[in-house]
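# Understanding the architecture of this molecule
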Amino acid sequence: MIIDGHAHISRQDYSSPERLLDDMKSAGIDKAVLVPGGMLDVRRMTRYVTGQEKPILKDPPNDTVLDIIREYPDKFYGICCINPNDGAPAALASLEKAYRNGFKGLKMSPLVHQISLMGDVVKELAALCGDYGIPFYTHLVIQANANTAALGSLAEAFPGTNFVIGHMGFGPLDIDAIELAARRDNVYLETSTGNPLAIQTAVKQAGPDKLMFGSEFPLSDPFVEKVKIDRLSISDADKETILHHTISRLLGL
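Since this is a predicted model, take the numbers as computed values, not measurements.

Moving on, we get to the layout of surface pockets. Size it by volume and the second largest pocket reaches roughly 280 Å³. Taken together, 15 residues make up the lining of the second largest pocket; nearest its centre are Pro60, Asn62, Asp63, Cys81 and Ser94. Here the element with the most residues in the lining of the second largest pocket is helix H4 (residues 88-100); it accounts for 4 residues. Tallied by class, the residues present in the lining of the second largest pocket amount to 7 nonpolar, 4 polar and 4 charged.

Let us now look at the packing of aromatic side chains. Applying the stated criterion across every chain yields a total of 3 aromatic pairs. The interplanar angle of 75° and the centroid separation of 5.7 Å between the aromatic rings of Tyr72 and Phe76 together place this pair among those described as edge-to-face. The class for Tyr72 is buried, based on a relative accessible area of 18%. Here the aromatic rings of Phe136 and Phe163 are separated by 5.1 Å at their centres, their planes lie at 55°, and the arrangement is tilted. Taken together, the positions of Phe136 in strand E6 (residues 136-138) and Phe163 in strand E7 (residues 163-165) put the pair 27 residues apart, joining distant regions of the chain. Accessibility assignment for this pair places Phe136 and Phe163 in one class, buried. The cationic tip of Lys210 hangs over the ring face of Tyr188; the distance from NZ or CZ to the ring centre is 5.2 Å.

For the rest of this paragraph, the subject is the nonpolar core. Formed by 65 residues in total, the largest nonpolar core has its most connected members in Leu34 and Phe76. It is helix H6 (residues 120-132) that contributes the most residues to this core, 6 residues altogether. With residues near it in sequence (within four places) discarded, Phe76 still touches Pro17, Leu20, Leu21, Met24, Ala32, Leu34, Ile68 and Ile69. By size, the runner-up hydrophobic cluster in this structure holds 12 residues, among which are Val35, Ile79, Met212 and Ile247.

Topologically, Ile79 is positioned in the loop between strand E3 (76-78) and strand E4 (80-81). In this structure the C-alpha to C-alpha distance between Ile79 and Tyr137, which are 58 residues apart in sequence, comes to 8.9 Å. Look past the residues within four positions of Ile79 in its chain and what remains in contact with it is Val33, Leu34, Val35, Pro36, Phe103, Lys104, Gly105, Leu106 and Lys107.

The rules we used
- Position numbers for residues count from 1 along each chain, tracking the sequence in the order it is written.
- pLDDT decides what is reported in this predicted model: residues at 70 or higher carry local features, side-chain atom pairs at 80 or more are listed and counted, and totals for whole chains, interfaces and linings draw on all residues regardless.
- Only heavy atoms go into the side-chain values, all of them from the structure, while hydrogens and water stay out.
- Any residue with an atom within 4 Å of a point lines the site, the site being either a cavity, points on a 1 Å grid over the protein atoms alone where a 1.4 Å probe fits but cannot get out, or a pocket, an open set with protein on both sides within 12 Å along at least 5 of 7 lines.
- Grid points are joined across faces, edges and corners, and a volume is the space filled by probe spheres set on the points.
- Runs of H or I in DSSP of at least four residues are treated as helices and runs of E of at least two as strands, each being numbered from the N terminus.
- Side-chain classes are defined by residue name, with Ala, Val, Leu, Ile, Met, Phe, Trp, Tyr, Cys and Pro counting as nonpolar, Asp, Glu, Lys and Arg as charged, and the others, Gly among them, as polar.
- Aromatic rings from Phe, Tyr and Trp, taking only the six-membered ring of Trp, are treated as a pair when their centres fall within 6.5 Å; an angle between ring planes under 30 degrees marks them as stacked, one over 60 as edge-to-face, and anything in between as tilted.
- Relative accessible area decides the class of each residue, using a 1.4 Å probe on protein chains only: under 20% of the type maximum gives buried, over 50% gives exposed, and in between gives partly exposed.
- Only Lys NZ and Arg CZ are tested; either one counts as a charge over a ring when it is within 6 Å of the ring centre and within 35 degrees of the ring normal.
- Only buried residues count toward a nonpolar core. Its members are Ala, Val, Leu, Ile, Met, Phe, Trp, Tyr and Cys residues joined through side-chain atoms within 4.5 Å.
- In what follows, residue pairs with any heavy atoms lying within 4.5 Å of each other are defined as contacts.

None of the figures reported here should be taken as evidence of function without further support.
Below, the structure written as structure tokens:
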């Protein structure tokens, strides 16, 4: 069993569920964890990172993900994305609703929503994730309020919540993220778009059970991302941990 732990989905042609299913078949991937796509046009990513362009949608299309996982219940799981800028009552109600609807985790997007990982609403969401037993997944950015150190502080404040750092952290090789995952029991790394040296370093320092495979579809190709795991100089059992066991444990599958 191979599970893609992070794929963006929308109804647009380039990130449709049909396109993802075709890519999964080519890569030999059995199931995928979906997060809402369409808030950014990933084909113009540099302009978002540099601030030249703003998000297309500020309200995460969680309903689209819910429709798709209900349409393909044997193929997809869902993780909801929430905008903390909506305020604590609305954000917490959104997470409660998503949990009742079967979503398996929470996704934060500092790039889209320009949030602080140390903000009060984010902290309340992190606490609720711990109560529900679901992971808190986030991207990291260079700004001090949403970088690797900020995530480390959040993870320390909420030891009962599991935190997943997307894309192996920030930049080509975020050694701080790797060391954080090695040091803290509740911090994990997701491999999509991470370079092979970063992934190999993380396996050595943090262990394969702290890594989960992801593709970052449609920005990256599930086949290409899986090859990076296949080529690691580790045992087949360790590869299976990255490709299946870690994400299964985090999502309670």
